[in-house]
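Take a look at the letters that make up each chain.
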Amino acid sequence: VTRLGDQWVRPHDIEVLFEPHPDGVPARVVRLQRVGFEVRAELRTEPSTGSRAGGSDPWVQLTRAQADDLALTPDRQVWLRPHRAATRLGAS
């Protein structure tokens with residue numbers, strides 16, 4: 001699992017967006033690692049106003065096809081949010 005804002009989610013249940021979203025958490029891509037057929041995108045969030053949680057280092061699990069479609073690069077600004085069907089594992 002990985003922490004996104006003040007909740008814990010599974011890395012493959014996180015959606016990567018390029019535009020701000022009301023449910024999104026702003027983040028920057030730190031590193032991309034290709035591991036077999038998948039890509040691990042490591043990110044850094046900033047502390048959010050009014051949140052108990054400070055910045056975090058979530059990671060997102062993508063297929064190679066998803067990563068290629070997103071064309072992610074280090075230092076790119078993105079917004080992250082759990083998929084609607086994602087299992088939320090609790091707040092930190």
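Refer to the structure above for everything that follows.
Residues numbered from 1 in each chain as written. Predicted model: local features only at pLDDT ≥ 70, side-chain atom pairs only at ≥ 80, totals over all residues. Heavy atoms only, no water.

Peer 1: Hey, could you run me through the environment of Arg10 in this one?
Peer 2: Mapped onto the fold, Arg10 is located in the loop between strand E2 (7-9) and strand E3 (14-17). Accessibility expressed as a relative area gives 32% for Arg10, which makes it partly exposed. Remark: the alpha-carbon pair of Arg10 and Val60, spanning 50 residues in sequence, is separated by 8.3 Å. (Helix = DSSP H or I, 4+ residues; strand = E, 2+ residues; numbered from the N terminus. Buried < 20%, exposed > 50% of the residue type's maximum accessible area, 1.4 Å probe, protein only.)

Peer 1: It is not clear to me how the sheet that holds strand E7 (residues 77-82) should be interpreted in this structure. Could you clarify?
Peer 2: Each strand in a sheet pairs with another by means of backbone hydrogen bonds, the pair being arranged parallel or else antiparallel. Taken together, the 5 strands give an open sheet; going across it, the order is E3-E7-E4-E5-E6, and neighbouring strands pair in antiparallel fashion. At either end of the open sheet lies a strand with only one pairing partner, and these are E3 and strand E6 (59-63). Between one strand axis and the next, the sheet turns by 45° as a mean value, whatever way the strands run. Where strand E4 (residues 25-35) and strand E5 (residues 38-45) come together, 8 bridges link them in antiparallel fashion. Paired with Val35 across the bridge in E5 is Glu38. (Pairing = 2+ DSSP bridges. Axes fitted to C-alpha atoms, helices over the stretch in contact; angles between N-to-C directions.)

Peer 1: Help me understand the nonpolar core, please; the structure alone is not making it clear to me.
Peer 2: Val16, Leu43, Val60, Leu62, Leu72, Val78 and Leu80 are the most contacted members of the largest nonpolar core, which has 17 residues in total. Not counting residues within four places of it along the chain, the set of residues in contact with Leu43 comprises Ala27, Arg28, Val29, Val30, Ser56, Asp57, Pro58, Trp59, Val60, Val78 and Leu80. (Core = buried A, V, L, I, M, F, W, Y, C linked by side-chain atoms within 4.5 Å. Contact = heavy atoms within 4.5 Å.)

Peer 1: How should the side chain of Arg81 be read in this particular structure?
Peer 2: Structurally, Arg81 is set in strand E7. At 2.8 Å, the side chain of Arg81 and the side chain of His21 are in polar contact. Not counting chain neighbours up to four residues away, the residues in contact with Arg81 comprise Leu4, Asp13, Ile14, Glu15, Leu17, His21, Asp23 and Gly24. (Polar contact = N/O pair within 3.5 Å; in protein donor to acceptor, adjacent residues only side chain to side chain.)

Peer 1: Could you clarify how one ought to interpret the environment of Val60 in this entry?
Peer 2: Among the secondary structure elements, Val60 is positioned in strand E6. Residues Val60 and His12 lie 48 residues apart in sequence; the distance between their C-alpha atoms is 6.0 Å. Among residues more than four places away in sequence, those in contact with Val60 are Pro11, Ile14, Val16, Val39, Arg40, Ala41, Leu43 and Leu80.

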